[in-house]
Amino acid sequence: TNHTDKAGGKVDLQISPTLTMFGRYGWRDLHTEDQPPIPLPSGGSGNGTIYARNKQLALGATFVQSATALWEFRFGWSSTNGGKGPPALGSASAFDDYGITGLPDDPRISGGLPTQLITGYADLGRQATNPQWQYPTVFNPKVNYTRSLGLHSVKAGYDFQRINTEVQDVNPLYGRDTYGGQFSRPAGVAANNLYNLGDFMLGLRSQYALSNVLIANLRQNMQFLYVQDDYRLNSSVTLNLGLRYEYVRPHWEAYNILSNWDPVARRMIAASDGSISDRSRVNPDRDNFGPRLGFAWTADERTVVRGGYGVSYTHFNRAGGGNLLPINGPQVINAIVNQTPTTAGFRPTEQGYPTGLTDPSKFDPLTSNITYMPADYHSSPVQSWYISAQRDLGRNMMVDVAYVGNRANDLLLFANYNQAAPNNSAGTIPLQARRPIPEFADITYAFNGGKSRYQALQMKYEWRADQGLTLLSSLTLSDAKDNGAGSLENANGNFPAPQDFYNMDADFGPSGYHQ
């Protein structure tokens, strides 16, 4: 079910012949119930209760300084509370219904069956990433100045954004059990997913995971400057020249609840008061200049050629909590325990989760998945270009042929910085002995390792026939390559991490978006 309420209002004022002002306000409240594919109590893996409450305010003023000069002032503010809660939230706890111990009794988290992942079968229990929420508040003032100088039209502007976000994106908060070891398979029998189901029936989990809750209060400032000149070179050629500068500070946490891993000292380094580097544990990126160039050429009365080139930067990545350093050890314990029935201390499902497994004061790098973001992590540059020709064929017919492309480097990728070497043929070398940093378990590495390449030939034919009838035919021939997908955009079999961190080139090939 989906229920949405909306409201809004606006006001426009003519203060004087040279000054106008406006205001806009909008409000929306969305509430959706997403039912699980398998009903409670055995299921519950759907998103459950999804909510989004948004308020927006926009204010503006335009001042005509003279016949050739114009000022535009704008201010935007928005506040959003968005998140989801599992269908089983608030129901009987896993201890009350199943006798599973070691799970939190926090009313924001507790209720239902912990996530049960049985390889080859549908998930049982709760959705592992539920609950979660993000509450961003954005302040966005900006100013633009336009001036006509003969054949030139010059524009310049400044844009500032302050983004405050309360976020809870730690998981699994209520446990996650995986059955993929086929421990119930008799010796000499071929592998079959039925034995994963058998492991579930016997409580022989191959992995269990649990995290503690943390609510981070992220802060970020963004500043943008630009200047642009539209120059009418002559009656048939117009040039567009511009330069943009973008400075986006790394995230910091309001109360310094943030840490990063130090690969030299091999330990976690906590944020502290001081510079932005001290507070974010990532150095600021101040080199983001973006030149822009464009042209339009009227070759004859029926032909126009256009082209452009520009550099932009990717500052945001939809990666969940993967690149948020507050969600890191020791303040967050992402405890992941891999086990076999022969492992000392093997815990079947009915024994629940060890006491203190996610206690930050008992942080153990051998059972916690930590995050490492290099100090020189930076925004990703993207070069884009195009050239097109439009030709009027007469009789209301037009053809358009264009070549477009872009080239992106240093995109966000994730890898295991502590990737283990392959085992011997007998499988007798322990996992930690095969890691380059044996005193740590997996280390999630959020780094500028991605790249993408795109080029396309685009063709369009349009005929505006009589009596309102228009015929349109288009064709795009494109080639897209990359070495990984966005973290939560990995459709079509693509993946946001390399198969082998030590052989990155092996992953460069046709993208999931290749057509």
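Further up the page is the structure itself.
Summary of the structure given here.

Quick notes on the rules
Residues numbered from 1 in each chain as written. Predicted model: local features only at pLDDT ≥ 70, side-chain atom pairs only at ≥ 80, totals over all residues. Heavy atoms only, no water. Helix = DSSP H or I, 4+ residues; strand = E, 2+ residues; numbered from the N terminus. Buried < 20%, exposed > 50% of the residue type's maximum accessible area, 1.4 Å probe, protein only. Areas by Shrake-Rupley, 256 points an atom, 1.4 Å probe, with all protein chains shown as cover. Lys, Arg positive; Asp, Glu negative; His and termini not counted. Charge placed at Lys NZ, Arg CZ, Asp CG, Glu CD. Phe/Tyr/Trp six-rings, centres within 6.5 Å; stacked < 30°, edge-to-face > 60°. Core = buried A, V, L, I, M, F, W, Y, C linked by side-chain atoms within 4.5 Å. Contact = heavy atoms within 4.5 Å. Pairing = 2+ DSSP bridges. Axes fitted to C-alpha atoms, helices over the stretch in contact; angles between N-to-C directions. Salt bridge = Lys/Arg side-chain N within 4 Å of Asp/Glu carboxyl O. Polar contact = N/O pair within 3.5 Å; in protein donor to acceptor, adjacent residues only side chain to side chain.

**Considering the overall build of the protein**
Piece 1. When helices and strands are counted, the protein shows 3 helices and 23 strands.
Piece 2. Overall, the protein is about 85 × 55 × 50 Å in size when its C-alpha atoms are taken along their principal axes.
Piece 3. Across the 515 residues of the protein, 41% fall into the buried class.
Piece 4. Split by element, the accessible area of the protein, about 26,600 Å² in all, is 56% carbon and sulfur.
Piece 5. Both charge centroids of the protein, one from 42 positive and one from 44 negative side chains, sit 5 Å from each other.

**Some remarks on the packing of aromatic side chains**
Piece 1. Evaluation of the coordinates by the stated rule reveals 17 aromatic pairs.
Piece 2. Both rings, one in tryptophan 261 and one in tyrosine 417, keep their centres 5.7 Å apart while their planes meet at 65°; by these two values the pair is edge-to-face. Of this pair, tryptophan 261 sits in strand E13 (residues 259-262) while tyrosine 417 sits in the loop between strand E20 (397-416) and strand E21 (443-464); the two residues are 156 residues apart in sequence, bridging distant segments of the chain.
Piece 3. For the ring pair tyrosine 372 and tyrosine 417, a centre distance of 5.1 Å and an interplane angle of 75° mean the geometry is edge-to-face. Within this pair, whereas tyrosine 372 is found in strand E18 (residues 370-372), its partner tyrosine 417 is found in the loop between E20 and E21, the two being separated by 45 residues in sequence.
Piece 4. Tyrosine 372 sits in the buried class, given a relative accessible area of 9%.

**As for the nonpolar core**
Piece 1. Ranked by internal contacts, the top residues of the largest apolar core, which has 21 residues, are Leu103, Val170, Tyr353 and Leu357.
Piece 2. Elements with a minimum of two residues in this core: strand E9 (207-211), strand E10 (216-232) and strand E17 (334-338).
Piece 3. With residues up to four places along the chain from it excluded, the contact list for leucine 103 reads Ala94, Pro114, Tyr174, Gly175, Leu210 and Tyr353.
Piece 4. Core analysis: the second largest hydrophobic core is formed by 13 residues, Met268, Tyr372, Ile437 and Tyr445 among them.

**Details of the pairing of strand E4 (residues 69-85)**
Piece 1. Bridge analysis of strand E3 (residues 48-66) against E4 gives 17 bridges, and the strand direction is antiparallel. Within the sheet, the bridge partner assigned to threonine 62 lies in E4 and is glutamate 72.
Piece 2. The turn linking E3 back onto E4 is made up of 2 residues.
Piece 3. Sheet topology note: the E4/strand E6 (residues 132-149) ladder contains 14 bridges and is antiparallel. Bridge pairing in E6 places glycine 82 opposite glutamine 134.

**A short note on the sheet that holds E17**
Piece 1. Reading across the sheet, the 4 strands line up as E5-E8-E9-E17 and stay open at both edges, with mixed pairing between neighbours. Looking at which strands have only one partner, the edges of the open sheet turn out to be strand E5 (115-118) and E17. Strand-to-strand, the axes of this sheet are offset by a mean angle of 15°, without reference to chain direction.
Piece 2. Examined bridge by bridge, strand E8 (residues 176-179) and E9 share 3 bridges and lie antiparallel to one another. The residue of E9 that forms the bridge with threonine 178 is glutamine 207.
Piece 3. Against the sheet, helix H2 (residues 194-202) engages E5 and E8, with an angle of about 150° to E5.

**Comments concerning the pattern of salt bridges**
For side chains of opposite charge, pairing can occur when their charged atoms come near one another.
Piece 1. Applying the stated criterion across every chain, the model contains 11 salt bridges.
Piece 2. Here aspartate 300 and arginine 391 are joined by a salt bridge, their closest N and O atoms 3.3 Å apart. Of this pair, aspartate 300 sits in strand E15 (residues 289-300) while arginine 391 is found in strand E19 (residues 380-394), placing the two residues 91 residues apart along the sequence.
Piece 3. Taking the relative accessible area as the measure of exposure, aspartate 300 reaches 33% and is therefore partly exposed.

**Quick word on the environment of tyrosine 353**
Piece 1. Within the secondary structure, tyrosine 353 sits in the loop between E17 and E18.
Piece 2. Tyrosine 353 sits in the buried class, given a relative accessible area of 1%.
Piece 3. For the pair tyrosine 353 and glycine 60, spaced 293 residues apart in sequence, the C-alpha separation works out to 56 Å.
Piece 4. One polar contact links the side chain of tyrosine 353 to the main-chain amide nitrogen of arginine 176, over a distance of 3.2 Å.

**So, unusual backbone geometry**
Piece 1. Between asparagine 130 and the following residue, proline 131, the backbone shows a cis peptide bond with an omega angle of 5°.
Piece 2. By the secondary structure assignment, proline 131 is in the loop between E5 and E6.
Piece 3. In this chain, glycine 329 is followed by proline 330 through a cis amide linkage whose omega measures 0°.
Piece 4. As for its position among the elements, proline 330 is in the loop between strand E16 (303-314) and E17.
Piece 5. With phi around 55°, arginine 266 is a residue other than glycine that occupies positive phi space.
Piece 6. Looking at the secondary structure, you find arginine 266 in the loop between E13 and strand E14 (267-270).
Piece 7. Judged by its relative accessible area of 37%, arginine 266 is partly exposed.
Piece 8. Residues other than glycine seldom take positive phi values, yet aspartate 410 does so here, at roughly 60°.
Piece 9. Within the secondary structure, aspartate 410 is located in strand E20.
Piece 10. Judged by relative accessible area, which is 27%, aspartate 410 ranks as partly exposed.

Interpretation in functional terms is not warranted from these geometric data alone.
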